[in-house]
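Working through the structure, step by step
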Amino acid sequence: MASISHAFTTTNNNPSLNLPHNRSSLLRLSSHSFPRRFFNNVRIFAQHTNSTSTSIDFNDPDWKIKFQQDFESRFRLPHITDIFPDTPPIPSTFCLKMRTPIGKDIPGHYSLDEEWHGYINNNDRVLLKTINYSSPKSAGAECIDPNCTWVEQWVHRAGPREKIYYKPEEVKAAIVTCGGLCPGLNDVIRQIVITLEIYGVKKIVGIPFGYRGFSDKELTEVPLSRKVVQNIHLSGGSLLGVSRGGPSVSDIVDSLEERGINMLFVLGGNGTHAGANAIHNECCKRRLKVSVIGVPKTIDNDILLMDKTFGFDTAVEEAQRAINSAYIEAHSAYHGIGVVKLMGRSSGFIAMQASLSSGQVDVCLIPEVPFNLHGPHGVLRHLQYLLEMKGSAVVCVAEGAGQNLLQNTNAKDASGNIVFGDIGVYIQQETKKYFKEIGVHADVKYIDPTYMIRACRANASDGILCTVHGAFAGYSGISVGLCNTHYAYFPIPEVILHPRLVDPNSRMWHRCLTSTGQPDFI
Ligand SMILES: Nc1ncnc2c1ncn2[C@@H]1O[C@H](COP(=O)(O)OP(=O)(O)O)[C@@H](O)[C@H]1O
Ligand SMILES: O=P(O)(O)OC[C@H]1O[C@](O)(COP(=O)(O)O)[C@@H](O)[C@@H]1O
Ligand SMILES: [Mg+2]
């Protein structure tokens, strides 16, 4: 029987996933019992799947069921009953149908006398992929087998559960914001605090300046309440401050123990989530009843499996303002060229989306698509053509683009991220040089709005991710994100296998190319 090595998915690098648990997995698959690690050697077939290397025999008539079982096991959410099987569930204290608190109706007294139907059932699922590709050649196709067979993949629906695993009066919740700034951090802090209070939690604190706040003795925790956070969403930044680098995971967990924190909400990007998962694993190892929940924060939008992360919409909107300025400058000058650099360490989502929606960009350069600056097909030759044809041009470049053209800085930030050379400055300089050399006038203006973009407050369309329900439901080591417009919970390792990238074969990138009209620069 021929075995075809192809696409997909398996990761089980979270030790807690291997712990015994007392809850049933997806029931519709439970009648089949295949070895759990059947798919451990499957290799990637399509681009941009969240996959590790494995192999699968597509001649096996049961491969699809086995795939789905493996998927279900990978996306199973770690739960505190994995370690404390005897933890009794209690009726939820969360209710949206509130009356003016009188006696027993006060949240925290678990005595809601009205029937409440707003809960999420633990077996509710959200469909992860929604396109049935009929051919691997379809734009953006993500296929598991060579025929692009339709395989349903379900992830866990987020939201309040009827039964909870923490008594609100026994909870000490902490919030920490890590990494770089992002619009919407204060909105999320505010929403978490307000939701915790609705459950009846009284002890809520903020850890100042990211993970550093766990170890730096000069930094004291900030008491949080609805009163404190009421208006914080009206300003950008983070009420708590942010930082990169910081203490070891073991020191962070020591600090959690000392402070008596048993719910930790960690707002950050892929680095922060790697930290959150390590904290979760360390808590499991020490047998601590702690729920660690990640909230994806990054303007780069580089977290896997989610429609988008909060702050991204705002970043795109702000980026368009910078593009518009570059356009006006370029358009108003004789042979004007505007260059705008936007953030995006490994992913060009902001540059792509802002270029597309502004309609004012002629050349969009992102890390995922290689390009030459010089040569007959290079960007500079195309700029010359644009000046001849329309008199001006606008270039939008993501910070991680074209790094192969720059000298390696060999520098890393406190979190271990590579510090890039400035591609925007390089393009500006090379453009000036090029037009000087060919004796053509060009007025080059360079705009770098990056810190202005991420410091602004979130716009109305950046939804707030509510995470508190996941912690009360007893989950830990999970992240919350929008999946096909519905909120879902994901085990952290699945969303940080690698940075989410723009697929150069996706409709979105194709639309961007249509909008800019740019050729291939290779
Ligand atoms: N692999 C990792 N394990 C544990 N902590 C990490 C890891 N990577 C990053 N961190 C920590 O997470 C925090 C934020 O990481 P960083 O990469 O700067 O930002 P982001 O979370 O936005 O990607 C830093 O305090 C850093 O020390
Ligand atoms: O100058 P800083 O603070 O290190 O931040 C720069 C980085 O921040 C980002 O905007 C977001 O990165 P994070 O998601 O890691 O915070 C990147 O695009 C950029 O490389
Ligand atoms: Mg990051």
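**Notes on the nonpolar core**
Grouped burial of nonpolar side chains is what soluble globular proteins tend to show. Grouped together as the largest cluster of nonpolar side chains are 68 residues, with contacts concentrated most on Leu196, Phe265, Leu342 and Phe472. Ranked by residues supplied to this core, first place goes to helix α2 (residues 185-199) with nine residues. Discounting residues that sit within four places of it in the chain, leucine 342 has contacts with Ala319, Ile323, Ile350, Ala351, Ala354, Cys396, Val397, Ala398, Glu399, Pro449, Thr450 and Ile453. If you look at the next biggest cluster of nonpolar residues, it comprises 22 residues, including Leu365, Leu373, Leu380 and Tyr434.

**Notes on the pairing of strand β3 (residues 154-157)**
Direction of pairing for strand β2 (residues 125-127) relative to β3: antiparallel, over a ladder of three bridges. Bridged to arginine 125 within β3 is histidine 156. In terms of strand pairing, β3 meets strand β15 (residues 486-491) through two bridges, oriented antiparallel. In the sheet register, histidine 156 faces β15, and the bridge partner there is tyrosine 489.

**Some words on the packing of aromatic side chains**
Working definition: an aromatic ring pair is given by the centre-to-centre distance plus the angle between the planes. The full count for this structure, using the stated rule, is eight aromatic pairs. Here the aromatic rings of phenylalanine 71 and phenylalanine 75 are separated by 4.2 Å at their centres, their planes lie at 20 degrees, and the arrangement is stacked. Given the relative accessible area of 1%, phenylalanine 75 is considered buried. For the pair tyrosine 199 and phenylalanine 472, a centre-to-centre distance of 4.0 Å together with 5 degrees between the ring planes defines the contact as stacked. Of this pair, tyrosine 199 sits in helix α2 while phenylalanine 472 sits in helix α11 (residues 468-472), and the two are 273 residues apart along the sequence. With respect to burial, tyrosine 199 and phenylalanine 472 carry one shared label: buried. Feature note: the residues Phe94, Tyr166, Tyr199 and Phe472 constitute an aromatic cluster, connected by ring pairs. Over the aromatic face of phenylalanine 84 sits the side chain of arginine 287, whose NZ or CZ is 5.4 Å from the ring centroid.

**As for the confidence of the model for the protein**
Summarising the model, the protein shows a mean pLDDT of 87, and 85% of its residues fall at 70 or more. A low-confidence stretch, residues 1-53 stays under pLDDT 50, and its non-local contacts, those more than four residues away or across chains, total 164 contacts. With a pTM of 0.89, the predicted complex shows an ipTM of 0.98.

**Regarding the site of ligand 2**
Among the 13 residues in the neighbourhood of ligand 2, the closest are listed as Asp300, Met343, Glu399, Tyr451 and Arg454. Between an oxygen atom of ligand 2 and a side-chain N or O atom of lysine 297, the distance comes to 3.1 Å. Within the side chain of threonine 298, a nitrogen or oxygen atom sits 3.2 Å from an oxygen atom of ligand 2. With the chains in place, 83% of the 480 Å² that ligand 2 exposes on its own is no longer accessible. In terms of residue class, the shell around ligand 2 is made up of three nonpolar, four polar and six charged.

**So, the site of ligand 1**
Arg244, Gly245, Gly269, Thr272 and Ser415 are the nearest of the 14 residues found near ligand 1. At 2.7 Å from an oxygen atom of ligand 1 is found a side-chain nitrogen or oxygen belonging to arginine 244. Interatomic distance of 2.5 Å between a backbone N/O atom of glycine 245 and an oxygen atom of ligand 1. Ranked by residues supplied to the shell around ligand 1, first place goes to helix α5 (residues 270-285) with five residues. A breakdown of the residues in the shell around ligand 1 according to their chemical character gives two nonpolar, ten polar and two charged.

**A few points about the sheet that holds strand β12 (residues 393-398)**
Two strands in a sheet stick together by hydrogen bonds in their backbones, pointing the same way (parallel) or opposite ways (antiparallel). With parallel pairing, four strands are arranged side by side in an open sheet as β11-β12-β10-β13. The sheet terminates laterally at β11 (363-365) and β13 (443-447), the two strands that pair on one side only. The average undirected angle you get between the axes of adjacent strands in this sheet is 15 degrees. Pairing geometry for strand β10 (residues 336-342) and β13, over five bridges, is parallel. Note on β13: the bridge partner recorded for valine 339 is tyrosine 446. Of the strands in this sheet, β10, β12 and β13 are in contact with helix α6 (residues 312-332), which crosses β10 at around 165 degrees.

**Quick notes on the packing of α6 against helix α7 (residues 349-358)**
Across the interface, α6 lies against α7 with an axial gap of 9 Å and an inter-helix angle of 60 degrees. In terms of their interaxial angle, α6 and α7 are classed as oblique. Here α6 runs over α7; the crossing is right-handed. Residue-level inspection shows Phe312, Ala315, Val316, Ala319, Gln320 and Ile323 of α6 in contact with α7, the latter providing Phe349, Ile350, Gln353, Ala354, Ser355, Ser357 and Ser358. Here the contact of α6 with α7 is built from residues that sort into eight nonpolar, five polar and no charged.

Definitions and limits used
- In every chain, residue numbers begin from 1 and rise along the written sequence.
- Chain A is the first chain written and ligand 1 is the first ligand written, with later ones labelled in order.
- With the structure being a predicted model, the display of local features is reserved for residues of pLDDT at least 70 and the display and counting of side-chain atom pairs for 80 or more, all residues being used for whole-chain, interface and lining totals.
- The side-chain figures draw on all heavy atoms in the structure; neither hydrogens nor water molecules are used.
- Take the buried residues of types Ala, Val, Leu, Ile, Met, Phe, Trp, Tyr and Cys, join any two whose side-chain atoms come within 4.5 Å, and each joined set is a nonpolar core.
- Only protein chains enter the calculation, and the probe is 1.4 Å; a residue is then buried if its accessible area is under 20% of its type maximum, exposed if over 50%, and partly exposed in between.
- To qualify as a helix, a DSSP run of H or I must reach at least 4 residues; to qualify as a strand, a run of E must reach at least 2; elements of each kind are numbered from the N terminus.
- Working rule for contacts: check all heavy atoms of both residues, and any pair within 4.5 Å makes them a contact.
- At least two DSSP bridges between two strands are required for those strands to pair.
- Stacked, tilted and edge-to-face are the three classes applied to pairs of Phe, Tyr and Trp rings, where Trp contributes its six-membered ring and a pair requires centres within 6.5 Å; stacked means planes under 30 degrees apart, edge-to-face means over 60, and tilted covers the rest.
- Distance and angle both matter: a charge sits over a ring if NZ of Lys or CZ of Arg is within 6 Å of the ring centre and within 35 degrees of the ring normal.
- pLDDT gives the predictor's per-residue confidence on a scale running from 0 to 100.
- Any residue with a heavy atom positioned within 4 Å of a molecule or strand is treated as near that molecule or strand.
- Any N or O atom pair separated by 3.5 Å or less is treated as a polar contact, with the protein-specific requirement of one donor-capable and one acceptor-capable atom, and with residues adjacent in sequence counted only for side-chain atom pairs.
- Only the protein chains shown count as cover for residues, and all accessible areas are computed by the Shrake-Rupley method using a 1.4 Å probe.
- Amino acid classes used here: Ala, Val, Leu, Ile, Met, Phe, Trp, Tyr, Cys and Pro are nonpolar; Asp, Glu, Lys and Arg are charged; the rest, including Gly, are polar.
- Helix axes are fitted only over the stretch in contact, all axes being lines through C-alpha atoms; the angle between N-to-C directions runs from 0 to 180 degrees.
- Here the word oblique covers every angle except those under 35 degrees (roughly parallel), over 145 (roughly antiparallel) and from 65 to 115 (roughly perpendicular).
- The handedness criterion is simple: a crossing whose near helix is rotated anticlockwise from the far helix by less than a right angle is left-handed, and one whose near helix is rotated clockwise is right-handed.

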